[in-house]
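Examination of the molecular architecture
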Amino acid sequence: MGAKRERIKEWFEIGNRANWCVFAAFAVLIFVQTILFDHFAFREMNMQPSAQSSLAMLMSKIAASLLFASFTFIIRDKRWLIGLSLIIDTWFVANLIYMRNNHVLLDAEAFNMSGNLHGYFWSVLIYVEWKIDLIFYGMTLLFSIIYFFTTRSNRLWWGWVVVVVVAVGLRHGAEGLFVNAQKKQNETAEYKMLPFRRERREPVYGTDFPTAVAHTSVLYSPFYIVSDYYLMINDIQPDRPMTSGDSVMMAKLNRGEEHVVLDGPLIIVLLESLENWVLTPEIMPNLYRLTQNDHVFYANRIHTQIVGAPSADGQMIVNTGLLPINAGATCLHYCDNTFPGIMKLAPDSAICLLPHDTCVWNQTKMSPAYGYDSTICYCDIDTILFPKLDSLVDDGWRYIQCITQSTHAPFVNEKYSRLELPESMPWVMYNFIRGFNSLDDGLGYFIRKIESDPVLQNYTIVFTGDHRILHHEKRQQMQRFANNWATTNKNEALSWISELTPTDDCLPLVIYSPKISGNPRYTDDCYQMDIYPTYKSLLGAEKYHWQGFGINLLNGSQERTIKEYDAFPLSDKVIRNDYFHP
């Protein structure tokens, strides 16, 4: 008994007491940071978890805090522990930035795509919020100052083992509690609560990411990302065969003739990040004027359907009428598939005019997959793009897709704009609006050619955005400014600012075609998948075997064969199983 009492006394000698104090301080630091992270990352989501789920989430956060704080027992060099804390801070901030950008936390696909976005990493600067992001590093700085004045601690392997066992037990208990809560509640309602679950987004390559991680600390996600990434790079995926019901639905959507030829020339213009609320006479006067002309169809409430690769997904939806896979970037994982590209129906060669190198979004393979025979890359100054597009028409090209770039975040193109805006306007709103005003200056050249050139007047020309871009909080900030402008503004020339609706985050669709009578509008909600069947109907391709998941917006009486929510999982299976391969 005396020997045991001596060992117990040794456990609480001054060095070990300091170790336990540092452990407690570090655990509290990480726990508070996880709570703050959830608040900043998910505050816009109306999460309403059950009491049981809330307890499970809390237990998981405590478990993660204990697990990482346990390293205080085995790390003797104080610099290593502070370094670990800084790595944790960086992980929190990186996920916050990615969440603001993509509305989802970092996953394996984010790392898989990182090498495919040359030159685009600067766009994240727009989503850095210093007042929030520096909080995490500030807390570590405070901890580090206190830590350096503590007594040098000894290694306590038994302490580390005890804490790890407790942490793992808490983690498994939390998971069991959460699974039990799911059984008691409707699964769909529960999944709406999950902070790691993005609408329509599935676990990457089969790892049970939502159920195992959603309710826990973000610090657990690297363990799942590693396993996901291994499955991804080795092309190991769950089997997702098409069911008999899927085949019946595809038979309804995939009917008609295999060999159809477009009976008129086509130009598709994808305007980077274009949202409907900037298409006004003050911001984009040229494109707005086009929407008022004869032979022009205008729909202003197109809901985006991108998932894992914004620009690439938008391009695929417009060109093929398919929807992207539910997890990951279609352009990276299924570039060798057979796609029903509209340009494959062109009787002549089709050309793709890109603002970036062909390695971005795997364009080298995706452009031919959509039916483009040639690719031209130009610099990202879009004032150059439209004269180049016009010269291609003059050279006899009849089937062209071009993509703008200057309105990609952080919207540096605004410096070319002559539009006057108040300096008190939030800088993102200021740059975004002026960026599109500058883009419209270049676009005006091409629109004036459409209005006057008899050659271009025989083309079907599609203008649309590839995706929305602004984070919810940026929209709210902009909307508050616009709402307040009416009461604070004394400048009548800028009164139009109060009419802006940045929170109406839809895309516009503008189609010019000599086959359109009058100036029809579509004001109801619709989807990106409706763009393909709409312009396809103007090119004599109604009988083409792939009808698309959407409807022809020019046919006001057409009913949907498949609902938007059901189209996603079906399209996912169609792509994964290479349905269109002959």
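**Quick notes on the confidence of the model for the chain**
Confidence in the prediction for the chain averages 85 pLDDT; 87% of positions are at 70 or higher. Scored below 50 in pLDDT, residues 187-201 shows 48 contacts in the model against residues more than four places distant or in partner chains. Considering only residues more than four positions removed or in separate chains, one finds that residues 203-215, a stretch of pLDDT under 50, has 50 contacts.

**Describing the packing of aromatic side chains**
Under the criterion given, the structure shown has 19 aromatic pairs. Look at Phe143 and Tyr147: their rings are 5.5 Å apart centre to centre, the planes differ by 15°, and that puts the pair in the stacked class. Here Phe143 pairs with Tyr147, and both are found in helix H6 (residues 130-148), just 4 residues apart, close to one helical turn. For the pair Phe143 and Tyr147, a shared accessibility class is recorded, and that class is buried. An angle of 70° between the planes, with centres 5.3 Å apart, marks the rings of Trp546 and Phe580 as edge-to-face. Of this pair, Trp546 sits in the loop between helix H19 (531-536) and helix H20 (564-576) while Phe580 sits in the segment after H20; the two residues are 34 residues apart in sequence, bridging distant segments of the chain. Given a relative accessible area of 12%, Phe580 falls into the buried group.

**Re the pairing of strand E3 (residues 350-354)**
Of all the 5 residues making up E3, 5 are buried; the element is thus mostly covered by neighbouring parts of the structure. Here E3 shows no split at all, with Ala350, Cys352 and Leu354 on one side and Ile351 and Leu353 on the other all buried. Remark: the E3/helix H15 (residues 363-369)/strand E4 (residues 374-377) crossover connection has right-handed handedness.

**Overview of helix H4 (residues 78-102)**
For H4, with 25 residues, the first-to-last C-alpha span of 36 Å sits near the 36 Å given by 1.5 Å per residue. Residue His103 follows H4 closely and has a positive phi angle near 60°.

**Side note on empty space enclosed by the protein**
Summed over all chains, the structure comprises 7 cavities of 30 Å³ or more. When its volume is computed, the second largest cavity comes out at roughly 70 Å³. Every residue lining the second largest cavity is counted, 13 residues in all, and those nearest its centre are Glu272, Ser311, His356, Trp361 and Ile403.

**Here we look at the pattern of salt bridges**
As enumerated under the stated definition, the model contains 17 salt bridges in all. A salt bridge links Asp336 to Lys365; its shortest N-O distance comes to 3.8 Å. On the criterion of sequence distance, the pair formed by Asp336 in the loop between helix H14 (330-333) and E3 and Lys365 in helix H15 is long-range, its members being 29 residues apart. Since its relative accessible area comes to 62%, Asp336 is described here as exposed. Exposure remark for Lys365: the relative accessible area of 41% places this residue in the partly exposed category. The residue Arg560 makes a salt bridge to Asp530 at a minimum N-O spacing of 2.7 Å. Within this pair, whereas Arg560 is found in the loop between H19 and H20, its partner Asp530 is found in the loop between strand E9 (526-527) and H19, the two being separated by 30 residues in sequence. Relative accessible area serves as the criterion here: at 0%, Asp530 is assigned to the buried category.

**A short note on the packing of helix H11 (residues 244-253) against H20**
The interhelical angle for the contact between H11 and H20, taken along N-to-C directions, is 90°, at an axis separation of 11 Å. With respect to each other, H11 and H20 are oriented roughly perpendicular. Of H20, the residues touching H11 (which contributes Asp246, Met249, Met250 and Leu253) are Leu570, Lys573 and Val574. When grouped by side-chain class, the residues that make up the contact of H11 with H20 number 5 nonpolar, no polar and 2 charged.

Procedures and definitions
Residues numbered from 1 in each chain as written. Predicted model: local features only at pLDDT ≥ 70, side-chain atom pairs only at ≥ 80, totals over all residues. Heavy atoms only, no water. pLDDT = per-residue confidence, 0-100. Contact = heavy atoms within 4.5 Å. Phe/Tyr/Trp six-rings, centres within 6.5 Å; stacked < 30°, edge-to-face > 60°. Helix = DSSP H or I, 4+ residues; strand = E, 2+ residues; numbered from the N terminus. Buried < 20%, exposed > 50% of the residue type's maximum accessible area, 1.4 Å probe, protein only. Right-handed = clockwise from strand over helix to strand, strands pointing away. Expected span 1.5 Å × (residues − 1). 1 Å grid on protein atoms, 1.4 Å probe; cavity = no way out; pocket = protein on both sides within 12 Å on 5 of 7 lines; lining within 4 Å. Points joined across faces, edges and corners; volume = space filled by probe spheres on them. Salt bridge = Lys/Arg side-chain N within 4 Å of Asp/Glu carboxyl O. Axes fitted to C-alpha atoms, helices over the stretch in contact; angles between N-to-C directions. Parallel < 35°, antiparallel > 145°, perpendicular 65-115°, else oblique. Nonpolar A, V, L, I, M, F, W, Y, C, P; charged D, E, K, R; others polar.

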